[in-house]
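Coordinate analysis (summary)
Read off the chains here:
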Amino acid sequence: MKASRRWLMALLAAGLAACTAPAPVEPAASQPTKDFGEPPGVRDSVYRVIDRRSPPPAGYGLYTVVLVRSANRPSVQLLSELFATTSHAADAAMARQNLNLMTIPVKNAAEATPELATARQAPLPHASMVLNRFYDYGQAALLMASICRPERGEAVMKACGSVLPDGPLLVTALRPVDASSVSQRLLVVNLGSAAPGAMPEVLAAYKRQLLRKDFADRAEIDGWRLVVLNGALNAAQLLPGISKAYAAAR
């Protein structure tokens, strides 16, 4: 009986101690931290045309160059979507270090720039105009040849393909991309096989990619949504031909 009473008193004392003891505090290192997936500073993209005589302005968070070898359909669609959804660098509301500067090589920037004043209102005609009147295909070919080289790394060569691509290529780096900058890390995306209808989603994913801590990890642009969307659109384009072939065979 006395043993039972002692056991009961010990149990009550232990319960009281548990109620009154302060809760353990977790070390600060174990507290969850927010991860917005953005590199310091870069929040948005802007564009501008640029020629060989004037280098890109300094101070931007990232630099992207739009490279094409012809005014093919994907190139027209890409520029059209770029003009429709992206501000000109002159209209930027953010500081340069917060922006990715997308440059379009042209033969004469002073002539081409005023023509883009209404590009957002009529993106498709302006895209065709730039590619047919102003684009510097010689400079683009020079840059492509300097980028699509084995010393740039496996990821770059995989994006470029086995032969020099027609484009469009989007090439991004921490510094302006030129023919001599072989040492810096690059993000290269080849949109030459992208279905034109997928271009809005592709460009939006590319812009999201540039907000990640590692701008070149390809997590956004190689995601399953783009693969599925692009495949579905390509399949839809093939359906009329498949239907005609099936009808002819019957």
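Summary of the structure given here. Remember, predicted model here, so these are calculated numbers, not experimental data. Once a new chain begins, its residue numbering starts again from 1 and follows that chain's sequence as written. For this predicted model, a pLDDT threshold of at least 70 governs which residues receive local features, and a threshold of 80 or more governs which side-chain atom pairs are given and counted, while totals over whole chains, interfaces and linings are taken from all residues. Excluded from the side-chain calculation are hydrogens and water; included are all heavy atoms of the structure.

**Focus: the sheet that holds strand β6 (residues 187–190)**
The strand order β3-β1-β4-β2-β5-β6 describes an open sheet built from six strands, whose pairing is mixed. Edge positions in the sheet fall to β3 (87–88) and β6, since each has one partner strand and no second. Following DSSP output, two strands are said to pair if at least two bridges run between them. The helix count covers DSSP runs of H or I at least four residues long, the strand count covers runs of E at least two residues long, and both are numbered beginning at the N terminus. For strand β2 (residues 62–67) and strand β4 (residues 99–105), the ladder comprises four bridges, and the chain directions are parallel. Bridge pairing links Thr64 to Met102 in β4. We call two residues contacting when some pair of their heavy atoms lies within 4.5 Å. A fitted line through C-alpha atoms serves as each axis, taken over the contacting stretch for helices, and the angle formed by two N-to-C directions is quoted from 0 to 180°. Strands in contact with helix α5 (residues 137–147) are β2, β4, β5 (169–173) and β6; relative to β2, the strand with the most contacts, it is inclined by about 115°.

**Quick notes on the pattern of salt bridges**
Throughout this description, the term salt bridge denotes a Lys or Arg side-chain nitrogen within 4 Å of a carboxyl oxygen of Asp or Glu. Counted by the stated rule, this structure contains nine salt bridges. Between Glu201 and Arg208 there is a salt bridge; the shortest N-O distance is 3.8 Å. Of the charged contacts, one joins Glu220 and Arg208 as a salt bridge, the two residues approaching to 3.1 Å between their closest N and O atoms. A residue pair is termed long-range when its members are at least 10 positions apart, and Glu220 in the loop between α7 (199–209) and α8 (224–249) and Arg208 in helix α7 qualify at twelve residues. Think of it in three bands: residues with accessible area under 20% of the maximum for their type are buried, residues over 50% are exposed, and the middle band is partly exposed, with areas taken using a 1.4 Å probe on protein chains only. Arg208 gets classed as partly exposed once you look at its relative accessible area, which sits at 33%. One network of salt bridges, in which partners are shared, links Glu201, Arg208 and Glu220.

**Concerning the state of the cysteines**
Each disulfide is one covalent bond, formed between the sulfur atoms of two cysteines. The disulfide criterion used throughout: a pair of cysteine sulfur atoms within 2.5 Å. If you walk through the whole model with that rule in mind, you get one disulfide. One disulfide in the model links Cys148 with Cys160; its S-S distance is 2.1 Å. Note on the Cys148 and Cys160 pair: the S-S dihedral is about -75°, so by sign convention the disulfide is left-handed. Here Cys160 lies in helix α6 (residues 154–160) and Cys148 lies in the loop between α5 and α6, a separation of twelve residues in the sequence. We note that Cys148, like Cys160, is buried.

**Notes on the packing of helix α2 (residues 73–85) against α7**
Following both chains from N to C, one finds α2 and α7 inclined at 60°, their axes separated by 9 Å at the closest point. Taken together, the axes of α2 and α7 are oblique relative to one another. In this structure, the crossing between α2 and α7 has a hand that is right-handed. Where α2 approaches α7, its residues Pro74, Gln77, Leu78, Glu81, Leu82 and Thr85 are matched on the opposing element by Met199, Pro200, Leu203 and Lys207. Under the scheme applied here, ten amino acids are nonpolar (Ala, Val, Leu, Ile, Met, Phe, Trp, Tyr, Cys and Pro), four are charged (Asp, Glu, Lys and Arg), and all others, including Gly, are polar. Counted by class, the contact of α2 with α7 contains six nonpolar, two polar and two charged residues. We call two directions roughly parallel when the angle between them is under 35 degrees, roughly antiparallel when it is over 145, roughly perpendicular when it lies between 65 and 115, and oblique otherwise. By definition, turning the near helix anticlockwise from the far helix through less than a right angle yields a left-handed crossing, and turning it clockwise yields a right-handed one.

**Quick word on the nonpolar core**
Only buried Ala, Val, Leu, Ile, Met, Phe, Trp, Tyr and Cys residues count toward a nonpolar core, and they belong to the same one when joined by side-chain atoms within 4.5 Å. Among the nonpolar cores identified, the biggest contains 56 residues, and Leu67, Leu79, Phe83, Ile104, Val171 and Val188 are the most heavily contacted of them. Leaving out residues up to four positions away in the same chain, Leu67 has contacts with Pro105, Tyr135, Ala140, Leu143, Met144, Ile147, Gly167, Pro168, Leu169 and Val171. Core analysis: the second largest hydrophobic core is formed by six residues, Val46, Ala89, Leu99 and Leu101 among them.

**Describing the environment of Asn98**
Following the sequence through the fold, Asn98 ends up in the loop between β3 and β4. C-alpha of Asn98 to C-alpha of Gly41: the two residues are 57 residues apart in sequence and 4.5 Å apart in space. In this view, Asn98 contacts Gly41, Val42, Arg43 and Asp44; residues no more than four positions away in its chain are not counted.

**Concerning the packing of aromatic side chains**
Aromatic pairs are defined between Phe, Tyr and Trp rings, using the six-membered ring for Trp, whenever the two ring centres lie within 6.5 Å; interplanar angles under 30 degrees are classed as stacked, those over 60 as edge-to-face, and all others as tilted. One pass over the structure, following the stated rule, counts three aromatic pairs. When the centroid spacing of 5.2 Å and the interplanar angle of 50° are considered together, the rings of Tyr47 and Phe83 count as tilted. Residue Tyr47 is located in strand β1 (residues 44–50), and its partner Phe83 is located in helix α2; the two are separated by 36 residues in the primary sequence. Judged on exposure class, the residue Tyr47 and its partner Phe83 are both buried. Geometrically, the ring pair formed by Tyr135 and Tyr137 is tilted, given 4.8 Å between the ring centres and 55° between the ring planes. Owing to a relative accessible area of 2%, Tyr135 belongs among the buried residues under this scheme.

**What to know about the layout of surface pockets**
As defined here, a cavity is a set of points on a 1 Å grid over the protein atoms alone where a 1.4 Å probe fits but cannot get out. A pocket is an open set with protein on both sides within 12 Å along at least five of seven lines, and residues line them when an atom is within 4 Å of a point. Grid points are joined across faces, edges and corners, and a volume is the space filled by probe spheres set on the points. Here the second largest pocket defines a volume of roughly 330 Å³. As for the second largest pocket, its lining consists of 21 residues, and the residues nearest its centre are Ile50, Pro56, Gln139, Val177 and Asp178. Listing elements by their share of the lining of the second largest pocket, those giving two or more residues are β2, β4 and α5. Looking at the lining of the second largest pocket residue by residue, the classes come out as 13 nonpolar, four polar and four charged.

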